[in-house]
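Given next are the chains, with one letter for each unit.
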Amino acid sequence: LLASAGYPDGFEVELLCQQAAPWGEVALKLKSDLAESGIRVKIVSVTEPELWDHIFSRNFQLYLLSGEVDYLDPNSNAVVLAHCENAEEDAAVKFLAWASSYVNKEMSALIDRAIVETNQDTRAELYQQLTNIVLDDGPYAFLYTPIKSYAVRTDVREFLGVQSFLLTGFPPVR
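Residues numbered from 1 in each chain as written. Predicted model: local features only at pLDDT ≥ 70, side-chain atom pairs only at ≥ 80, totals over all residues. Heavy atoms only, no water.

**What to know about the packing of aromatic side chains**
To keep things clear, this is the line we draw: Here a pair means two rings of Phe, Tyr or Trp (six-membered ring of Trp) with centres within 6.5 Å. Their orientation is stacked below 30 degrees between planes, edge-to-face above 60, and tilted elsewhere. Buried means the residue's accessible area, taken with a 1.4 Å probe over protein chains only, is under 20% of the maximum for its type, while exposed means over 50%, and partly exposed covers the values in between. Charge-over-ring contacts are defined here by two conditions on Lys NZ or Arg CZ: a distance within 6 Å of the ring centre and an angle within 35 degrees of the ring normal.
Throughout the structure, instances matching the rule amount to 4 aromatic pairs. Ring plane angle 50° and centroid distance 5.9 Å describe the contact between Y140 and F142, whose orientation is recorded as tilted. The exposure class assigned to Y140 is buried, which follows from its relative accessible area of 17%. R58 extends its terminal NZ or CZ atom over the ring of W98, reaching a point 3.7 Å from the ring centre.

**Some points on the packing of helix α3 (residues 75-82) against helix α5 (residues 105-116)**
Each pair of packed helices gets described by two things: the angle between the helix axes and the distance between those axes. As a reminder of what qualifies: For every element, the axis is a line fit to its C-alpha atoms; helices are fit only across the contacting stretch, and the angle between N-to-C directions ranges from 0 to 180 degrees. Numbering of helices and strands starts at the N terminus; helices are DSSP runs of H or I of at least 4 residues and strands are runs of E of at least 2. Working definition: roughly parallel below 35 degrees, roughly antiparallel above 145 degrees, roughly perpendicular at 65 to 115 degrees, and oblique for all remaining angles. Note: crossing handedness is left-handed where the near helix turns anticlockwise from the far helix by less than a right angle, and right-handed where it turns clockwise. We call two residues contacting when some pair of their heavy atoms lies within 4.5 Å. In this count, Pro and Cys sit with the nonpolar residues alongside Ala, Val, Leu, Ile, Met, Phe, Trp and Tyr, while Asp, Glu, Lys and Arg are called charged and the others, Gly among them, polar.
Closest axis-to-axis distance for the α3/α5 pair is 10 Å, and the angle between their directions is 165°. On the basis of the axis angle, α3 is roughly antiparallel to α5. Classified by chirality, the crossing of α5 by α3 is left-handed. Residues N75, A78, V79 and A82 of α3 lie in contact with α5, whose contacting residues are M107, S108, I111 and I115. Classifying every residue of the contact of α3 with α5 by side-chain character gives 6 nonpolar, 2 polar and no charged.

**Some remarks on the sheet that holds strand β2 (residues 39-46)**
Heads up, the condition is: Note: two strands are recorded as paired if DSSP finds a minimum of 2 bridges between them.
Strand order in the open sheet formed by 3 strands is β2-β1-β3, and the pairing between neighbours is parallel. Strands with a single pairing partner mark the edges of an open sheet, and in this sheet they are β2 and β3 (62-63). Here 2 bridges tie strand β1 (residues 11-18) to β3, and the two strands are oriented parallel to one another. Within β3, the position partnered with L15 by the bridge is L62.

**A look at the confidence of the model for the protein**
This is how the line gets drawn: A score between 0 and 100, pLDDT records how confident the predictor is in each residue.
Here the protein averages 88 in pLDDT, while 87% of its residues score no lower than 70. The least confident element of the protein, judged by mean pLDDT, is α3 at 90; the most confident is β2 at 98.

**Concerning the pattern of salt bridges**
Spelled out, the test is: Salt bridges are counted wherever a side-chain nitrogen of Lys or Arg sits within 4 Å of a carboxyl oxygen of Asp or Glu.
Applying the stated criterion across every chain, the model contains 2 salt bridges. One salt bridge connects K29 with D33, and the closest N-O pair in it is separated by 2.9 Å. One end of the pair, K29, and the other, D33, are both in helix α1 (residues 23-35), 4 residues apart, so they sit about a helical turn from each other. Overall, the relative accessible area of 31% leaves D33 in the partly exposed class.

**Here's the deal with the pairing of β2**
Filter applied, for reference: Seen with its strands pointing away from the viewer, a crossover is right-handed when the path leading from the first strand over the helix to the second is clockwise.
Here β1 pairs with β2 via 8 bridges, running parallel. Considered in β2, the bridge of L15 is made with I43. Traced from β1 through α1 to β2, the parallel crossover comes out right-handed.

**Focus: the environment of R113**
You can see R113 is positioned in helix α5. A relative accessible area of 44% places R113 in the partly exposed class. Once the C-alpha coordinates of R113 and Y127 are considered, the two residues, 14 residues apart in sequence, prove to be 10.0 Å apart. Apart from the residues within four sequence positions on either side, R113 is in contact with T122 and L126.

What follows is the structure in structure tokens.
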């Protein structure tokens, strides 16, 4: 596949990762997996503030970053990951899509439509469309979803867990 793309000897890429665990281990696994395809990875370990500086100065080839659903409304992640109508310096919205120079005006329009949609079923369909577009066309490779475990004593009542889980069916302990 790389040969047909003009890289018969593979290529080298720089991967930024945070110095904190588990990023070094994840980076080493990616390096090993990509080496099997002929992609040589140089791992550069940086602090979290340095990583953000690299991302928003657009000084990176690849980076590892964690994220999770941390707000009740899906629009918060949709805007950060996918909204970008202009990848130039004067862009009105400058989140991760902008930092990756990823412009998909159809997706930005869907995000703008979804945030004002009042029918919850229609809104869910719009966000599902957005998810599919990001997975098929976006500049990200989602590696895994962390599992959040809770241990609760038998005498604890009315525990709701992290509030953002309410929309995904996190069961309250009664």
